[in-house]
Amino acid sequence: VPGPAPQRRRSSVRRMALGGACLGWLVVFAIVVSVLVATTRQAVHDETQSALRLASATATLRLPTAFERRDLMAEATRLAAQIDALRHVSAELRDAKGQVVALAPAAEFPPVPAPAQPPDWFAALIRPEPAHELITITQYPNLLGMLEIRTDPRDEIADAWRDLRLILPLLAAAALV
């Protein structure tokens, strides 16, 4: 009965080759996903930090000086609304008592439709540490309020989720081929 033994050997070699190929694909898939997550986390951090620095510099340059006789809080309110309408940052204005000043939507920035929100686990995996800047609004010698600018990575994380949902199935299909 010498016929079945070579057939069994070929069958087990094929199974081992298929198992090895599947294991290799899983290792490559895990490595690619890990690299994608790490680079995405860094990209979200860099993008939000850049937006924070730009918004802070804009606020510092556009707020009137402390010695001008203008309605600084009205100008700060308009500026905070403009900053709040930007991507990657949010703004909150507080008066001298610490009460939040309501911001009207910035007319020059039409509302952008919210992107599809990623799952919470993905957002937690990608979200960088929050950062903020405080800018005092003063009219010598009085403190009128504080403008707080914070990083807001939600839209950047949603973009990353959209890209990842496209890349991972393509990677899986390429591996199966």
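Residues numbered from 1 in each chain as written. Predicted model: local features only at pLDDT ≥ 70, side-chain atom pairs only at ≥ 80, totals over all residues. Heavy atoms only, no water.

J.: Tell me about a nonpolar patch on the surface, residues and numbers included.
T.: Residues Leu23, Val27, Ile31 and Val35 make up a contiguous nonpolar surface patch of about 360 Å² in total accessible area. Structurally, Ile31 is set in helix H1 (residues 4–62). (Patch = residues over 30% accessible without salt bridge, like charges linked within 9 Å, V, L, I, M, F, W, Y side chains within 5 Å. Areas by Shrake-Rupley, 256 points an atom, 1.4 Å probe, with all protein chains shown as cover. Salt bridge = Lys/Arg side-chain N within 4 Å of Asp/Glu carboxyl O. Helix = DSSP H or I, 4+ residues; strand = E, 2+ residues; numbered from the N terminus.)

J.: With reference to specific residues and values, describe the pattern of salt bridges.
T.: A complete count under the given rule lists 10 salt bridges for this structure. Linking Arg87 and Glu156 is a salt bridge whose minimum nitrogen-to-oxygen distance equals 3.5 Å. Linking Arg87 in the loop between helix H2 (72–84) and strand E1 (89–95) with Glu156 in helix H4 (residues 154–176), this pair joins segments that are 69 residues apart in sequence. Its salt-bridge partner being Asp152, residue Arg154 comes within 2.7 Å of it at the nearest N-O pair.

J.: Talk me through the side chain of Glu75; I want residue IDs and the actual numbers.
T.: If you trace the backbone, Glu75 turns up in helix H2. On the basis of relative accessible area, Glu75 is assigned to the buried category, the value being 18%. (Buried < 20%, exposed > 50% of the residue type's maximum accessible area, 1.4 Å probe, protein only.)

J.: Describe the packing of aromatic side chains, with residues and values.
T.: Applying the stated criterion across every chain, the model contains four aromatic pairs. Between Trp121 and Phe122, the aromatic rings sit 5.9 Å apart at their centres with planes inclined by 85°, giving edge-to-face as the arrangement. Classification of Phe122 by relative accessible area gives buried; the value is 2%. Taking 5.8 Å as the distance between ring centres and 90° as the angle between the ring planes, the aromatic pair formed by Trp121 and Trp161 counts as edge-to-face. Separated by 40 residues along the polypeptide, Trp121 in helix H3 (residues 120–126) and Trp161 in helix H4 bring together distant segments of the chain. Trp161 sits in the buried class, given a relative accessible area of 15%. Here the aromatic cluster, defined as three or more aromatic residues joined through ring pairs, consists of Trp121, Phe122 and Trp161. (Phe/Tyr/Trp six-rings, centres within 6.5 Å; stacked < 30°, edge-to-face > 60°.)

J.: Give me the lowdown on the environment of Asp152, citing residues and values where you can.
T.: Within the secondary structure, Asp152 is located in the loop between strand E4 (142–151) and H4. For Asp152, a relative accessible area of 15% corresponds to the buried category. Taking the C-alpha atoms as reference, Asp152 lies 7.8 Å from Pro130; in sequence the two are 22 residues apart. In contact with Asp152, other than residues within four places in its own chain, are Thr48, His88, Val89 and Ser90. Among the polar contacts made by the side chain of Asp152, one reaches the side chain of Arg154 at a distance of 2.7 Å. (Contact = heavy atoms within 4.5 Å. Polar contact = N/O pair within 3.5 Å; in protein donor to acceptor, adjacent residues only side chain to side chain.)

J.: Describe the sheet that holds E4, and please don't skip the residues or the numbers.
T.: Strand order in the open sheet formed by four strands is E2-E1-E4-E3, and the pairing between neighbours is antiparallel. In this open sheet, the two strands that pair with only one neighbour each are strand E2 (100–101) and strand E3 (132–139). Two elements, E3 and E4, share eight bridges in a ladder whose sense is antiparallel. Note on E4: the bridge partner recorded for Leu134 is Glu148. (Pairing = 2+ DSSP bridges.)

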